[in-house]
Amino acid sequence: MFGTIAYLLGSSIRQGIPLLFGATGEILTEKGGHLNLGIPGIMYVGGISGIIGGYLYEHFCANPNPALCILIPLLATIIGSGLMALIFSFLTVTLRANQNVTGLTLTTFGIGIGNFFGASLLSFFGDSGSISLLTIGKWYKAALIPGLDFGFLAYLAVIIAIAVSFYLNRTRAGLNMRAVGENPATADAAGINVTKYQYLSTIIGGIIAGLGGLYWVMDYTGGTWTNNGFGDRGWLAIAIVIFALWKPVLGIFCSFLFGGLYICCILIPGLSSAAKELITMAPYVVTILVLIITSIKNKRENQPPAHLGLNYFREDR
Amino acid sequence: MAVPAIELKEITKTFGSVIANDKVSLSVYRGEILALLGENGSGKTTLMNMISGIYHQDSGKIFIDGEEAVINSPKDAFNYKIGMIHQHFKLVDVFTAAENIVLGIRKTLDLAGTKRKIQEICRKYGFEVNPDQKVYDMTVSQKQTVEIVKVLYRGADILILDEPTAVLTPQETDRLFAVLRNMRNDGKAIVIITHKMHEVEELSDRVAVLRKGQFIGSLKTSETNAQEMTNMMVGHQVSLNIERPDPVDPKPRLVVENLSVVDVDGIKKLDNVSFTANSGEILGIAGISGCGQKELLESIAGLQPVESGNIYFIEDDGSKEQLIGLEPLKIKEMGVALSFVPEDRLGMGLVANMDLVDNMMLRSYTNGKGMFTDRKSPTKLAKHVVDFLEVITPDVFTPVRKLSGGNVQKVLVGREISNAPTVLMTAYATRGLDINSSYTIYEMINMQKERQVAVLYVGEDLDVLLELCDKVLVLCGGKVSGMVDCRNTDKHTVGALMTRLGGVKG
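Residues numbered from 1 in each chain as written. Chains lettered and ligands numbered in written order. Predicted model: local features only at pLDDT ≥ 70, side-chain atom pairs only at ≥ 80, totals over all residues. Heavy atoms only, no water.

Draft legend 1. Just the sheet that holds strand E15 (residues 320-322) of chain B, in detail. Residues and elements named next belong to chain B. Spatially, four strands are ordered E12-E11-E14-E15 in an open sheet, and the strand pairing comes out antiparallel. Only two strands of the sheet have a single neighbouring strand rather than two, namely strand E12 (268-278) and E15. With strand direction ignored, the average angle separating the axes of adjacent strands in the sheet is 20°. Two elements, strand E11 (residues 252-262) and E12, share seven bridges in a ladder whose sense is antiparallel. Looking across to E12, one finds that Pro252 is bridged to Asn278. (Pairing = 2+ DSSP bridges. Helix = DSSP H or I, 4+ residues; strand = E, 2+ residues; numbered from the N terminus. Axes fitted to C-alpha atoms, helices over the stretch in contact; angles between N-to-C directions.)

Structure below.
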């Protein structure tokens, strides 16, 4: 009995970690006032960037060094997802493009990039077969605390969530960023550099979300890539933002819960395929319920940032 | 003479093809309160926004204490100790007062120390602020206090206030003025933008007048009067008396009986309100903000669910029609035209992104043939409103959000009145409007009165209410506190009725 519960808990957490990265990134972005619906695409790019970085290192280096095995894919992911988020912020902050349209486009684009390189990366170097970076995957999967079957990225996800929470609620820069997300005109009049905070929140948010993709390819799947293998977890991460009421620490528990709901259909034996699909819906149904409940209670602190999704132009009349 | 705290030299600012400020030169000295006057769209707010770093001038120079200053952002303005209290408060709703006050200051977050400093400022000038209160829980006057403390906290000694009294009750205004005088005596330079002449006379030491973006002149307040200032603002002679023709053949038009309204939180907003509005009469409705005026107008317009009571519309032949329970559109179709200028002109009355013609169509979109809309008559109406009310706009196809606040209001009032109603309800029709436009609106309301319309006029300026209306219904906490005849009553009687039920002390 205890074993089953431990197994369930472990699986839920392993499923929840990429969601947590995505949700924390999106919370940071949204607290800065930008609704980045490109997060699912950014997570794909984060994943494939890690794969590309790792593959190149393995391909050109005969004796891979464990530290570089971890650092190179990590750096590649940060650059890849950071660039994606930079595209988003340049379009929406500087050029003031519509955030929804830009985000959705970026998601389509990001998934496309992931699948393109996933299918063709090997052929560029004359290899065949499927991507399988088992050495690197092994280092990523290595248990940080002996006895607990989690790689270092799992711990990092929780640490980042707590750090973002501390940043938003306890530091002056966090206060400024929240002010930008709530009311940029006010922040501007208070002497805050609105553009700087908008860029910072979207880019750092994008990088955090990209790490979720890296966790998925390196740790969860052990260094392999399957096209569309990450599925719709990016959207689930955005749903968690609402479920967690824009609170990163609450996001930790919500991610693990959603992770559990996401895979419980696999763990329950003897389900028909229709029942499996229905159970997969559970996280979304729960999110809708949360939206209904928070809308009825209408507590101001639990609402999205007031300026979410709107662009700001100082001299607009 | 001393070196001016702020000296503007030939400041010019344009928005597209519109010139907001044209070579404006102006000085403000320490230890004085300067009133900046001008009609809507004359460029007062734009000018002040350049001093506070929201906008940047196209040409011209700003000198602070005799030295040239480059103000590119609000932060630069803070460094020159300039603080502006904007007409629309710049506060974050979900933050506390203290969080709003420290926003944007580059130091480590020390809320305890901040609170101490806030208390100090409050003691010095006589404010009351609860640093832990969330802004969304505050009244308008509390929000304004937070704004003022915010700029003082940053050490501002040049203060700019953009229409600070527009939303305050008379008592709150008195308190604000006392604080401003304290600051002036403390050696600060204060600029106040206002449209209310008696406030200018009461508070300011000097006035400066802008007209159509140009600087017209400045005068010592003690050496001028309201008439002269108004003439300078408008550019020609204006009469400051509001006409009040005697009502002709008044007949009951709208009868409200025992009306009670409860809001979503279960709080009683109207309690057993009864009154009659006559055709050809202007019935003023007075009361401090939140006393139920909004709910009263909205229940008559069919926008507010009613708890109990009756609202009857009386036809010319004496037949009664119950309005409660009818759809707003149905009320209109029955020939009962209710025209309504909502308190929040852009939020409820107009669509900011649509042009003047489309906004006119919001009232007439059902008039076209079949599935097509009729665009010709609204275009004509829009042009008429622009000409008649002197709305400043490039053309009638400009989105209303590009118009200045006063011009937006003219469009709204113009549309509502053009509807040829039999009952006209207006709330704060002249809020934020300059003298000239206000008088045009009073004139329009009087024209409606002569057309035998029953006018319900909710206003905040008691002087105007008593000059314009025939009777005034005073509400206090959702109850009828009294009904007075304007021809033989005074401001103090109404003021007393507003704050105490029945006007009796105790």
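Draft legend 2. Spatial organisation of a nonpolar patch on the surface. All names here are of chain A. Side chains of Leu278, Met281, Val285, Ile288, Leu289, Ile292, Ile293 and Ile296 sit close together on the surface and give an oily, nonpolar patch of about 780 Å² of accessible area. For the nonpolar patch, the leading source of residues is helix H13 (residues 282-297), giving six residues. Looking at where Met281 falls in the secondary structure, it is placed in the loop between helix H12 (273-280) and H13. (Patch = residues over 30% accessible without salt bridge, like charges linked within 9 Å, V, L, I, M, F, W, Y side chains within 5 Å. Areas by Shrake-Rupley, 256 points an atom, 1.4 Å probe, with all protein chains shown as cover. Salt bridge = Lys/Arg side-chain N within 4 Å of Asp/Glu carboxyl O.)

Draft legend 3. Structural context of the interface of chain B and chain A. In this complex, chain B contributes 35 residues to the contact, which on the side of chain A involves 22 residues. Approximately 2,500 Å² of surface area, both sides summed, lies buried where chain B meets chain A, with 54% of it carried by carbon and sulfur atoms. Between the two partners, chain B and chain A, sit one salt bridge. Put simply, Arg178(A) and Glu99(B) hold a salt bridge, and the shortest N to O gap is 4.0 Å. (Contact = heavy atoms within 4.5 Å. Buried area = accessible area lost by both parts, 1.4 Å probe.)

Draft legend 4. Looking closely at the packing of helix H6 (residues 152-170) of chain A against helix H7 (residues 172-182) of chain A. All names here are of chain A. Between H6 and H7, the least distance of the axes is 5 Å, while the angle of their chain directions is 80°. When the axis of H6 is compared with that of H7, the two are roughly perpendicular. Across the interface between the two elements, Tyr167, Leu168, Asn169 and Arg170 from H6 touch Arg172, Ala173, Gly174, Leu175, Met177 and Arg178 from H7. Looking at the contact of H6 with H7, its residues break down into five nonpolar, two polar and three charged. (Parallel < 35°, antiparallel > 145°, perpendicular 65-115°, else oblique. Nonpolar A, V, L, I, M, F, W, Y, C, P; charged D, E, K, R; others polar.)

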